[in-house]
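If you want the building blocks of each chain, they are given just below.
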Amino acid sequence: KMKAFQTICRQFRSSKGFSVEPTTRVDFSTSSYSCSRKKKVNPYEEVDQGRYSDLVQSVLSSRGLAQTPESLFEEDNLLYGPVSKCKPPKQDEAAKVPGNWCPLFNPEKSMKPNATSTPTIPLRIPLQRNTIPSVTKVLQQTMTSEQIFYLERWKQRMILELGEDGFAEYSSNIFLQGKRFHKALESILSPQGDLKERDENLESGYVESVQHILKDVSGVRALESAVQHETLKYVGLLDCVAEYQGKLCVIDWKTSEKPKPYIRNTFDNPLQVVAYVGAINNDANYSFQVQCGLIVVAYKDGSPAHPHFMDTELCSQYWAKWLLRLEEYTKKEKNQNIQKPD
């Protein structure tokens with residue numbers, strides 16, 4: 001074929017009016033189809049074959065293995081280098097530590113009360129109104145801006161739906177329902193409760209909601225009883241102190257129109273419970289010590305309540321948060337007193 005091609009070229013040269021100008025480069029091919037075309041440059045030829053030989057071979061090979069997530073990650077690693085993970089957002093250099101630190105548990109009190117010291121009648125210490133702040137007041141005065149925003153938005157939405165008077169009536173009804181629910185539980189859990197009143201309370205949707213919880217509650221030590229932390233100077237009125245599944249707990253009964261299956265759905269309730277735990281452990285009126293908490297969220301329609309158990313470790317975590325809120329409240333009060341005119 002090559003000889004025939006050369007013969008044709010000689011004939012063209014010998015013919016009149018035909019001349020061949022010298023060119024800097026002529027590409028020949030054995031294929032008549034590619035004679036007039038420039039050879040395509042393979043982009044992969046410019047790749048560093050030594051470094052990317054395995055990758056290039058896998059890409060160019062028509063018989064390559066099927067790609068897997070692992071092989072894709074390996075290829076990315078070869079092409080672009082190791083993955084550079086984003087740095088997590090900067091947090092506080094050091095976690096906030098309460099300046100008013102006080103232990104949650106009292107080493108001077110026994111972990112479990114003796115049988116002789118266990119009261120047969122639950123304690124009901126009345127709350128004395130004084131200048132010492134309550135747990136509820138501290139939490140209300142130290143809500144975060146986010147909490148205040150969502151609370152106000154909910155309030156405005158309810159007012160838009162019910163009107164000013166309707167919202168006031170709604171709030172009053174919610175308060176009364178909660179009060180009746182606590183009264184019913186007090187009657188059920190108290191050994192002095194009226195049997196007839198107990199039967200009437202069973203018709204309540206909230207009480208029906210907590211029936212499966214009440215089966216695990218025993219050894220009631222206190223009902224609607226006041227507590228005071230003698231060192232940190234705050235007071236509170238707890239719902240119940242009893243054993244839940246064999247562990248002594250501060251129990252807080254809550255009502256809700258919406259399901260709250262997780263403890264994070266209960267907002268500041270864990271702080272309230274742990275504040276009562278710390279107060280009991282530092283209140284001379286209580287001879288025993290509590291290490292756990294329980295938040296029970298009951299529902300009006302009678303659907304099973306959600307129990308949120310707080311073990312010793314979880315209580316300790318929330319205790320540190322409570323101390324920070326108490327410290328913040330104290331600072332606010334001092335600043336307000338300074339700003340007050342004489």
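All figures in this text were calculated on a predicted structure; none of them were measured in a lab.

Counting 36 residues, the largest nonpolar core has Y234, V241, V250, I280, V290, W319 and W322 as its most contacted members. Breaking this core down by element, the ones donating at least two residues are helix 4 (135–141), strand 1 (217–229), strand 2 (234–244), strand 3 (247–256), helix 9 (269–280), strand 4 (292–299) and helix 10 (312–339). Tallying contributions element by element places helix 9 first for this core, with 8 residues. Apart from residues lying up to four places away in sequence, W322 is in contact with V135, V138, L139, Y234, L271, V274 and A275.

Further remarks concern helix 5 (residues 145–189). Taking 1.5 Å of rise per residue, 45 residues should cover 66 Å, yet helix 5 covers just 39 Å from first to last C-alpha, more than 12% shy of that figure. At G163, helix 5 is deflected by roughly 110 degrees, the largest bend along its length. Turning to helix 5, its buried residues number three or more, namely M158, I159, F167, Q177, G178, F181, A184, L185, E186, S187 and L189.

UniProt's feature table lists "active site" (unreviewed entry) at D239, D252 and K254, given in the numbering used throughout. For the residues just named, distributed over 16 residues, the greatest C-alpha separation is only 9.8 Å, placing them together at one site. Within the element layout of this structure, D239 appears in strand 2. Assessed through its relative accessible area of 9%, D239 is described here as buried. Those residues in contact with D239 that lie beyond four places of it in its chain are H182, A222, L223, E224, I251, D252 and W253. Side chain to side chain, D239 and H182 meet in a polar contact 3.1 Å long. The exposure class of K254 is partly exposed, given its relative accessible area of 22%. With residues near it in sequence (within four places) discarded, K254 still touches F181, N269, Q272, I295, V296, V297 and A298. Side chain to side chain, K254 and D252 meet in a polar contact 3.2 Å long.

Evaluated as defined, the whole model comprises 5 salt bridges. Between R124 and E186 there is a salt bridge, and its shortest N-O distance comes to 2.2 Å. Taken together, the residues R124 in the loop between helix 3 (69–80) and helix 4 and E186 in helix 5 connect sequence positions 62 residues apart. Accessibility expressed as a relative area gives 33% for R124, which makes it partly exposed. Judged by relative accessible area, which is 16%, E186 ranks as buried.

Turning next to the packing of aromatic side chains. Two aromatic rings, taken as a pair, are described by how far apart their centres are and by the angle between their planes. Enumeration over the complete set of coordinates arrives at 8 aromatic pairs. In this structure an aromatic cluster arises from ring pairing among W154, F167 and Y170. Taking the ring centre of Y262 as reference, the NZ or CZ of R264 above it sits at 4.5 Å.

Okay, the pairing of strand 1 next. The sheet contact formed by strand 1 and strand 2 spans 9 bridges and is antiparallel. Within the sheet, the bridge partner assigned to S218 lies in strand 2 and is E243. In this structure, the hairpin formed by strand 1 and strand 2 is closed by a connection of 4 residues, where K233 is found at a positive phi of approximately 60 degrees.

Right, let's get into unusual backbone geometry. A positive phi angle, near 60 degrees, is found at K233, a position not held by glycine. Topologically, K233 is positioned in the loop between strand 1 and strand 2. Phi angles above zero are rare outside glycine, and Q245 is one such case at about 55 degrees. Relative to the helices and strands, Q245 resides in the loop between strand 2 and strand 3. Given the relative accessible area of 54%, Q245 is considered exposed.

Taken in spatial order, the 5 strands make up an open sheet running 1-2-3-4-5, and their pairing is mixed. Pairing within the sheet leaves two strands with one partner each, and these edge strands are strand 1 and strand 5 (306–310). Between one strand and the next, the sheet's axes are offset by a mean angle of 30 degrees, whatever the strand orientation.

Moving on to the pairing of strand 2. Counting buried positions along strand 2 yields 9 of 11 residues, so the element is predominantly enclosed. The pairing of strand 2 with strand 3 spans 5 bridges and is classified as antiparallel. Counted as the bridge partner of C240 is I251 from strand 3. In textbook terms, the turn of a hairpin is the stretch between consecutive antiparallel strands, and for strand 2 and strand 3 this stretch comprises 2 residues, one of which, Q245, has a positive phi near 55 degrees.

This part takes up the state of the cysteines. Tallied over the full model, the rule gives 0 disulfides. C292 supplies the cysteine sulfur nearest to C249, a cysteine that is in no disulfide, at a spacing of 5.0 Å. For C249, a relative accessible area of 0% puts it in the buried group. Residue classification places C292 among the buried residues on the basis of a relative accessible area of 7%.

Conventions used here
Residues numbered from 1 in each chain as written. Predicted model: local features only at pLDDT ≥ 70, side-chain atom pairs only at ≥ 80, totals over all residues. Heavy atoms only, no water. Core = buried A, V, L, I, M, F, W, Y, C linked by side-chain atoms within 4.5 Å. Buried < 20%, exposed > 50% of the residue type's maximum accessible area, 1.4 Å probe, protein only. Helix = DSSP H or I, 4+ residues; strand = E, 2+ residues; numbered from the N terminus. Contact = heavy atoms within 4.5 Å. Expected span 1.5 Å × (residues − 1). Bend = angle between axes of the 7 residues up to and from the residue. UniProt positions renumbered as here; feature names shortened; annotations may be inferred. Polar contact = N/O pair within 3.5 Å; in protein donor to acceptor, adjacent residues only side chain to side chain. Salt bridge = Lys/Arg side-chain N within 4 Å of Asp/Glu carboxyl O. Phe/Tyr/Trp six-rings, centres within 6.5 Å; stacked < 30°, edge-to-face > 60°. Lys NZ or Arg CZ within 6 Å of the ring centre and 35° of its normal. Pairing = 2+ DSSP bridges. Axes fitted to C-alpha atoms, helices over the stretch in contact; angles between N-to-C directions. Disulfide = S-S within 2.5 Å.

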